[in-house]
Every structure is written in C-alpha cells, then in structure tokens.
Amino acid sequence: MTGLVVAMDGPSGSGKSSVSRGVARALGLRYLDTGAMYRAMTWWMLRQGVDLADPAAIAARCGEPGIVSGTDPDAPAIHVDGVDVAGPIREAEVTGGVSVVAAVPEVRALLVALQREIIGTGDIVVEGRDIGTVVWPDATVKIYLTASAEARARRRSAELAGSTVEAQQQAMARRDTLDSTRKTDPLSMADGAVELDTTALNLEEVIAEVLRLVAERT
Ligand code: C5P
C-alpha cells in the first residue's frame, strides 16, 4: 500500500514551496518540487540553444538531459547531467521560458513518469500544477493553494531583489495564463481538492491548516 501523499497545487506565488517544505518537515516526509524539474528541462534547452518557439524541437530533444531531483525538504537539490542547477533555474531567462517548455506534451509525459517513480511508495509532499489532477490523483490529501494576484506578486518581489510588485504581477499573470490554458494537463483544481486562500494567512497558519487536513484523513 502507498504511504501518505500530499498533493500541493496552485498558481505561482501562492506559497506552495514554503508550505510544502514546512509540512514535510513537520511530518518527517520527503518533498518533491516538480516545478524545479520543468525549470531544469528549460535550463538545459536554453543552454543547448534549442529554440523555445519551436515545440517540435523541444519534443525531439527532451529525452536527452538526465534530470535528478532530490527529496530532502531541508535542502532541495536538482541536477542535470551531474551539474547542480538549483541556482540557475531561478534566473529570469528560465522563469520566462518555463511555461512554454512545460506546455509540450512530450516534456510532460517524460517528467510525469519521472515524478511518479520518485513518489513511488509515498510518504512525500509533492508541489506543482497537476499533482492532484494527473500525477497522483489518489493522493491522500489534495490542496489547492491560492492568494490574490497582488499578494502573490508582493511575496515574489520580496524574494527577488530589484523587482517591483507591478512587474512581478505582470510576469506572473502571463505565466498563470499559459499554465492554465495549455492543452496538456493545465493548472486546475482537482476533484476532491481543498482550496486554501492564503491571502490573509501567515505561513504558520497555512501549515497548521494543512496538518489538520492531513490528520483528518489519516
Ligand atoms: O513552481 P514553479 O513556479 O517553479 O514552476 C515553474 C513552471 O513549471 C510553472 O509556471 C509551470 O509552467 C511548470 N510546471 C508545470 N507542472 C508542474 C509544475 C510546474 O507545468 N507540475
């Protein structure tokens, strides 16, 4: 029988990473950041000079990079062909291109298979956009985290030096539109998911609410 799986989906800046890591730590579970895997794929494509405007070129080459994701909530690690890319995948060029790469069905098929392998026997918190809908529909608890567009942009610009709330809000709106309107596995709330609006809550409050939902279902 599969152990506990917490699926944490939602748009960018809704607090998925901090909440997921906090929940994993509190319960002694593993943690998987699936967004980091799409970012790693994008980093590799950019490095290879693949034209991101050409989905066929992305599809043809997506099997080449060896993407290895760690599952330690205290030290999330991501490597491509042995190179530590945890820093580079957060850079603007990758963030700007990732939604286009993530919309290519061949990329999704490959990374979803890899994610299912890592989830394996469970005991893990998994964050992304399609965990409760596609990757692991049988998750013990499915959370859909939201927050107002302004709150999400404010949080993100506080993390990134030199970025304004307005610029963040625009960039995030663009990414959210691409993520929720793509044909393959768009961002949407899963059947049976609990929606948690974090606009007026602090991190500890959100983690406590998720822990309560987990306790209720286990
Ligand atoms: O979570 P993060 O913002 O790092 O994700 C980066 C991008 O990866 C998202 O904007 C989305 O395009 C893609 N993604 C996805 N499916 C997931 C996780 C991320 O399509 N499960």
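Note that the structure is a prediction, hence the values are computed from the model and not measured. (Residues numbered from 1 in each chain as written. Predicted model: local features only at pLDDT ≥ 70, side-chain atom pairs only at ≥ 80, totals over all residues. Heavy atoms only, no water.)

So, on to the side chain of E127. Structurally, E127 can be placed in strand 6 (residues 124-128). With no salt bridge to any partner, buried E127 finds its closest opposite charge in K16, at an N-O distance of 4.6 Å. A distance of 2.7 Å separates a polar atom in the side chain of E127 from a polar atom in the side chain of S17. Within the local environment of E127, its side chain forms a polar contact with the side chain of Y31, the two groups lying 2.6 Å apart. In contact with E127, other than residues within four places in its own chain, are M8, K16, S17, S20, Y31, L32, D33, T34 and G35. (Helix = DSSP H or I, 4+ residues; strand = E, 2+ residues; numbered from the N terminus. Buried < 20%, exposed > 50% of the residue type's maximum accessible area, 1.4 Å probe, protein only. Lys, Arg positive; Asp, Glu negative; His and termini not counted. Salt bridge = Lys/Arg side-chain N within 4 Å of Asp/Glu carboxyl O. Polar contact = N/O pair within 3.5 Å; in protein donor to acceptor, adjacent residues only side chain to side chain. Contact = heavy atoms within 4.5 Å.)

Glancing now at the UniProt feature "binding site: ATP" (unreviewed entry) in the protein. As annotated in UniProt, the feature "binding site: ATP" (unreviewed entry) corresponds to G10, P11, S12, G13, S14, G15, K16, S17 and S18 in the numbering used here. Here S12 shows up in the loop between strand 1 (5-9) and helix 1 (16-27). We classify S12 as buried; its relative accessible area is 2%. Looking at the secondary structure, you find G15 in the loop between strand 1 and helix 1. If near-sequence neighbours (up to four positions away) are discounted, G15 is found in contact with L145 and R155. (UniProt positions renumbered as here; feature names shortened; annotations may be inferred.)

The next point concerns the packing of helix 1 against helix 9 (residues 203-217). For the pair helix 1 and helix 9, interaxial distance at closest approach is 9 Å and the crossing angle is 55 degrees. Classed by the angle they form, the pair helix 1 and helix 9 counts as oblique. The hand of the helix 1/helix 9 crossing is right-handed. In this structure, helix 1 contributes S18, V19, G22, V23, A26 and L27 to the contact, and helix 9 contributes L203, V206, I207, V210, L211 and V214. Residues that form the contact of helix 1 with helix 9 fall into these classes: ten nonpolar, two polar and no charged. (Axes fitted to C-alpha atoms, helices over the stretch in contact; angles between N-to-C directions. Parallel < 35°, antiparallel > 145°, perpendicular 65-115°, else oblique. Left-handed = near helix turned anticlockwise from the far one by under 90°. Nonpolar A, V, L, I, M, F, W, Y, C, P; charged D, E, K, R; others polar.)

The strand order across the open sheet formed by five strands is 2-6-1-7-8, and the pairing between neighbours is parallel. The sheet is open, and its two edges are formed by strand 2 (30-33) and strand 8 (194-197), each paired on a single side. Adjacent strand axes in the sheet meet at a mean angle of 20 degrees when their direction is disregarded. Pairing between strand 2 and strand 6: four bridges, direction parallel. Following the sheet pairing, D33 is matched in strand 6 by E127. Here helix 1 sits on the sheet in contact with strand 1, strand 2, strand 6 and strand 7 (141-146), set at roughly 175 degrees to strand 6. Contacting strand 2 and strand 6, helix 2 (residues 34-48) crosses the sheet at an angle of about 40 degrees to strand 2. (Pairing = 2+ DSSP bridges.)

With that settled, consider the pattern of salt bridges. Applying the stated criterion across every chain yields a total of twelve salt bridges. Residues E150 and R154 are paired through a salt bridge, measuring 3.6 Å at the closest nitrogen-oxygen approach. Residue E150 and its partner R154 are both found in helix 7 (residues 149-159); the two are separated by four residues, about one turn of the helix. The salt bridge involving D179 is made with R182; its shortest N-O contact spans 3.6 Å. Among the charged side chains, a network of salt bridges with common partners joins E209, R212, E216 and R217.

Moving on, we get to the sheet that holds strand 3 (residues 67-69). Across the sheet, three strands lie side by side as 3-4-5; this open sheet has antiparallel pairing. Both edges of this open sheet fall to strand 3 and strand 5 (83-84), since each of them pairs with a single strand only. Bridge count between strand 3 and strand 4 (residues 78-80): three bridges; the pairing is antiparallel. Bridging from a neighbouring strand, I67 pairs with V80 of strand 4. Taken strand by strand, helix 2 contacts strand 3, strand 4 and strand 5, and its axis lies near 30 degrees from that of strand 4.

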